[in-house]
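Structural overview
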Amino acid sequence: MSPRWRGLVRAMSLVAALAQLALLTACAPGTPDEGSWRLDARHAVSDVSSQTAAVKLALDQERRGHVFARYLQTVAVEAEENAGASSEKFSATQPPAAETSRYSRVTDELERDTGLLADVRIAVVARRESEYAALAHQLAAASERLATLERELEHAPGAASHR
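Just so it is clear, the model here is predicted, and its values are computed rather than measured.

1. Some points on empty space enclosed by the protein
This model, assessed by the stated rule, comprises 1 cavity of 30 Å³ or more. Quantified by volume, the largest cavity comes out at close to 30 Å³. Here the lining of the largest cavity is composed, by residue class, of 4 nonpolar, no polar and 3 charged.

Laid out in structure tokens, this is it:
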């Protein structure tokens, strides 16, 4: 075989090997270690919590006449989009075996709270001001749940809190 053909065969073999590697790594999600997973979970919970708090604050300020309705609408729309993106990104991660039950709890809570943000956006865009007080109350409760969950995620499952 001529050197030119050997080079071509090597190049084709390398391309085939790289293609196989790409297929193998693209088929299954990687599983982060438990500490990395908990950190990712805390970040997602914190992101949704921040969005929830921002909308509650904007609702409270609008009810006091301190912000315009268009501003409240912008805050509500952006909060829903940002919370949804954080929630979707986290739910696509593969949990370690030890974190499977908390994965379900975290994703359920994130879904619940992004759904609440959607409800707020719908009410705000429709200018259903009579619903704002109840929605603000629900957002406050969501913030409490998220804060508790975020604290729990600081430790491995079953580990006692060191606070």
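2. Some words on unusual backbone geometry
Where the residue is not glycine, phi is negative for most of them; where a peptide bond is considered, it is trans in most cases. Here Arg127, not a glycine, exhibits a phi torsion of approximately 55 degrees, which is positive. Summarising the element assignment, Arg127 is placed in the loop between helix H4 (100-125) and helix H5 (132-152).

3. A look at the environment of Glu131
Summarising the element assignment, Glu131 is placed in the loop between H4 and H5. With relative accessibility at 29%, the residue Glu131 sits in the partly exposed group. A distance of 2.8 Å separates polar atoms of two side chains, one belonging to Glu131 and the other to Arg128.

4. Things to note about the nonpolar core
In terms of nonpolar packing, the biggest core is built from 30 residues, with Val55, Leu59, Phe90, Val106, Leu110 and Val120 touching the most fellow members. Mapped onto this core, the elements with two or more residues apiece are helix H2 (34-63), helix H3 (69-91), H4 and H5. If near-sequence neighbours (up to four positions away) are discounted, Val120 is found in contact with Val55, Leu59, Leu135 and Leu139.

Conventions adopted
Residues numbered from 1 in each chain as written. Predicted model: local features only at pLDDT ≥ 70, side-chain atom pairs only at ≥ 80, totals over all residues. Heavy atoms only, no water. 1 Å grid on protein atoms, 1.4 Å probe; cavity = no way out; pocket = protein on both sides within 12 Å on 5 of 7 lines; lining within 4 Å. Points joined across faces, edges and corners; volume = space filled by probe spheres on them. Nonpolar A, V, L, I, M, F, W, Y, C, P; charged D, E, K, R; others polar. Helix = DSSP H or I, 4+ residues; strand = E, 2+ residues; numbered from the N terminus. Buried < 20%, exposed > 50% of the residue type's maximum accessible area, 1.4 Å probe, protein only. Polar contact = N/O pair within 3.5 Å; in protein donor to acceptor, adjacent residues only side chain to side chain. Core = buried A, V, L, I, M, F, W, Y, C linked by side-chain atoms within 4.5 Å. Contact = heavy atoms within 4.5 Å.

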